[in-house]
Amino acid sequence: MIYIVDNISNYIIYLFIIYFGFRLSPRKNRLYLGGSVLIMLLAGAFNAYFDINSPIVYMLWSVLAICLFFEDHIGHLLALSAALMYFTGIIDTFSVILIQVFLIGGGVDGTDIAWWMEPAYLISFLVYLLVYLQLLKKNEVYLCDIKFRYKLALLIQGSIFQMFYNYVFFFFDENHTMYSWDAYAVFFISIAGAIYSIFLTLSLAIKNILSDRQNRELQSFMHMQKQQYDYQLQQSVAVRHFKHDLVNHIGVLRELMNEKKTEEAKEYIDTIWDIQDEFDLKIYTGDSFLDIIMNYYSYLADKENIEFVVSGKLTGEMHLEMFDLTTLMGNILQNAIEATRKAAIPKIRVELIEHKKEFFIVVSNSVDEIIDTQKGFSMTSKKDKDNHGFGLKNIVAAVEKYHGEYYIESIVENGEAMFKISIAVPRENRV
């Protein structure tokens, strides 16, 4: 029975680490899930029947159980299962030695621990849970995001500690009467230090990820700012050219009027009027900086034959900082343009609504199919996930910074699939 319980404990730990650490999804086919559980239980029954704890059986059932349970490339699952078996084995060693220090090594002779592995698994699981809550979930980072060199460092680091403890504990166990509790107190502290070093390595890896994210966010902001600046520069150059030719235009009109060519003069005025109309802002929102963003993306949409409509107007400037407004609206509209390219009828609609205490921005865009908003909003369909997936998180971060709220939905409107994001931001600046 103890072998089956051991397998179940290991199995739960594997599922926890892979699902919450690497964000892999379980298979939808229940036959595969049932096969995964069955293989794990059969391996435990085999060990119980022959009263052995064969490493080969352990490796076989672990690999098969993981490959059957999770949906991913088989090569990645094989590598992941091998790394997990090795790393969790190291942590289990620390946990086992910790229990032995307290119940066996510390001068307590004749102690018989029939279920010594189960408390060890519990301690190990608490370590993984602490890593998840304090490092991964807190910083919205996952083990799959950590660079390979840090993962390798954890394995090498754990191996060194494991070899050290295996040797030193054997020495202490043989001489615990001589060294008594002092030696085991030092040994306990060293185990705590080993676990802390693992946390420290993970913390450094996470800081590296967060630093990269900030750099990418800044690069994204600078890129959007540069695009808007280039657009404004083009407009400015065109205006200067128009002004440079204005004297000539007036001269032509003067001659037409002198020659009594009224109809030709009117046509020429209409031509000049159409030219200067191109320089004016087409969209006025009530916020000068939002005007620049809206007109820029209207310009981009027009180039790609995407219908771009803005309705509503704000009566005053928004209190959002330039960086946050660019991040928020830039990411939303950029995502909208990219998504609506695939739609049969590409269109984007922006609605500005304000109340006394808050204002609303609602952006709707056509898509090629209904999106799962529970999953699709937090993921990216682009191949370069490292450089694009964070944009969606930045939208949420910008809204939450100003104590706002957001709501996303994928709907069918007039027979067309639409993606819609609604944002509400209080008027008071409480940053």
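Residues numbered from 1 in each chain as written. Predicted model: local features only at pLDDT ≥ 70, side-chain atom pairs only at ≥ 80, totals over all residues. Heavy atoms only, no water.

*Asks:* Even after reading the chapter, I still don't get the overall build of the protein, so can you show me in this structure?
*Replies:* Check the secondary structure of the protein and you find twelve helices and five strands. The buried share of the protein, reckoned over its 431 residues, is 41%. Carbon and sulfur atoms make up 61% of the accessible area of the protein, which totals about 24,700 Å². (Helix = DSSP H or I, 4+ residues; strand = E, 2+ residues; numbered from the N terminus. Buried < 20%, exposed > 50% of the residue type's maximum accessible area, 1.4 Å probe, protein only. Areas by Shrake-Rupley, 256 points an atom, 1.4 Å probe, with all protein chains shown as cover.)

*Asks:* Whenever I open this one, the packing of helix 1 (residues 2-22) against helix 3 (residues 55-69) confuses me. Can you help?
*Replies:* Packed helices, taken two at a time, are described by their axes: the angle between them and the distance between them. With their axes 11 Å apart at the nearest point, helix 1 and helix 3 run at an angle of 40° to one another. Relative to helix 3, the element helix 1 is oriented oblique. Handedness of the crossing formed by helix 1 with helix 3: right-handed. Listed contacts from helix 3 to N7, N10, Y11, Y14, L15 and I18 of helix 1 are Y58, W61, S62, A65, I66 and F69. (Axes fitted to C-alpha atoms, helices over the stretch in contact; angles between N-to-C directions. Parallel < 35°, antiparallel > 145°, perpendicular 65-115°, else oblique. Left-handed = near helix turned anticlockwise from the far one by under 90°. Contact = heavy atoms within 4.5 Å.)

*Asks:* What's the story with unusual backbone geometry in this structure? I'm lost.
*Replies:* Leaving glycine out, the prevailing phi sign among residues is negative, and the prevailing peptide bond configuration is trans. One non-glycine residue with positive phi stands out, namely D51, at about 55°. Unlike most non-glycine residues, N414 shows phi in positive territory, near 55°. Take N414: it is sitting in the loop between strand 4 (405-413) and strand 5 (416-426). Assessed through its relative accessible area of 76%, N414 is described here as exposed.

*Asks:* Even after reading the chapter, I still don't get the packing of aromatic side chains, so can you show me in this structure?
*Replies:* Each aromatic ring pair is characterised by the separation of its centres together with the angle its planes make. Across all of its chains, the model carries 13 aromatic pairs by this definition. With a centroid separation of 6.4 Å and an interplanar angle of 50°, the aromatic rings of Y14 and W61 are classed as tilted. With Y14 in helix 1 and W61 in helix 3, this pair connects stretches of sequence that are 47 residues apart. Here the two residues Y14 and W61 agree in accessibility, since each one is buried. Measuring from ring centre to ring centre gives 5.0 Å for Y296 and Y297, while their planes differ by 75°; the resulting arrangement is edge-to-face. An identical accessibility class is assigned to Y296 and Y297; each is buried. When the ring centre of Y32 is taken as reference, the NZ or CZ atom of R27 above it lies at 5.1 Å. (Phe/Tyr/Trp six-rings, centres within 6.5 Å; stacked < 30°, edge-to-face > 60°. Lys NZ or Arg CZ within 6 Å of the ring centre and 35° of its normal.)

*Asks:* Could you clarify how one ought to interpret the nonpolar core in this entry?
*Replies:* Soluble globular proteins: nonpolar side chains tend toward being buried together. Judged by nonpolar contacts, the single largest core of 55 residues is most densely connected at I17, W61, F70, F94 and L202. When residues of this core are traced back to their parent elements, those giving at least two are helix 1, helix 2 (30-50), helix 3, helix 4 (74-105), helix 5 (117-139), helix 6 (148-174) and helix 7 (176-258). With twelve residues, helix 4 is the single largest residue contributor to this core. Dropping the residues within four chain positions of it, W61 is found in contact with N7, N10, Y11, Y14, I39, M40 and A43. One finds I306, A336, V399 and I421 within the second-largest nonpolar core, a separate group that totals 40 residues. (Core = buried A, V, L, I, M, F, W, Y, C linked by side-chain atoms within 4.5 Å.)

*Asks:* Any chance you could explain the pairing of strand 3 (residues 358-366) here in plain terms?
*Replies:* Within a regular strand, side chains alternate between the sheet's two faces. Counted residue by residue, strand 3 has seven buried out of nine residues, so it is predominantly covered. One ladder, built from seven bridges, connects strand 2 (residues 347-354) with strand 3; its direction is antiparallel. Bridged to I348 within strand 3 is N365. Between strand 2 and strand 3, which pair antiparallel in sequence order, lie three residues. (Pairing = 2+ DSSP bridges.)

*Asks:* It is not clear to me how the environment of A397 should be interpreted in this structure. Could you clarify?
*Replies:* Mapped onto the elements of the fold, A397 is located in helix 12 (residues 390-401). For the pair A397 and L328, spaced 69 residues apart in sequence, the C-alpha separation works out to 8.7 Å.

*Asks:* Help me out: how do you make sense of a nonpolar patch on the surface in this one?
*Replies:* A grouping of F148, L152, I156, I160 and M163 is seen on the molecular surface, where their side chains present a nonpolar patch of about 540 Å² in accessible area. Tracing the sequence through the fold places I156 in helix 6. (Patch = residues over 30% accessible without salt bridge, like charges linked within 9 Å, V, L, I, M, F, W, Y side chains within 5 Å. Salt bridge = Lys/Arg side-chain N within 4 Å of Asp/Glu carboxyl O.)

*Asks:* Looking at this model, I keep getting lost on a negative patch on the surface. Mind explaining?
*Replies:* A cluster of acidic side chains, namely E263, E264, E267 and D270, defines a negative patch on the protein surface. Residue position: E263 is located in helix 8 (residues 262-277). (Lys, Arg positive; Asp, Glu negative; His and termini not counted. Charge placed at Lys NZ, Arg CZ, Asp CG, Glu CD.)

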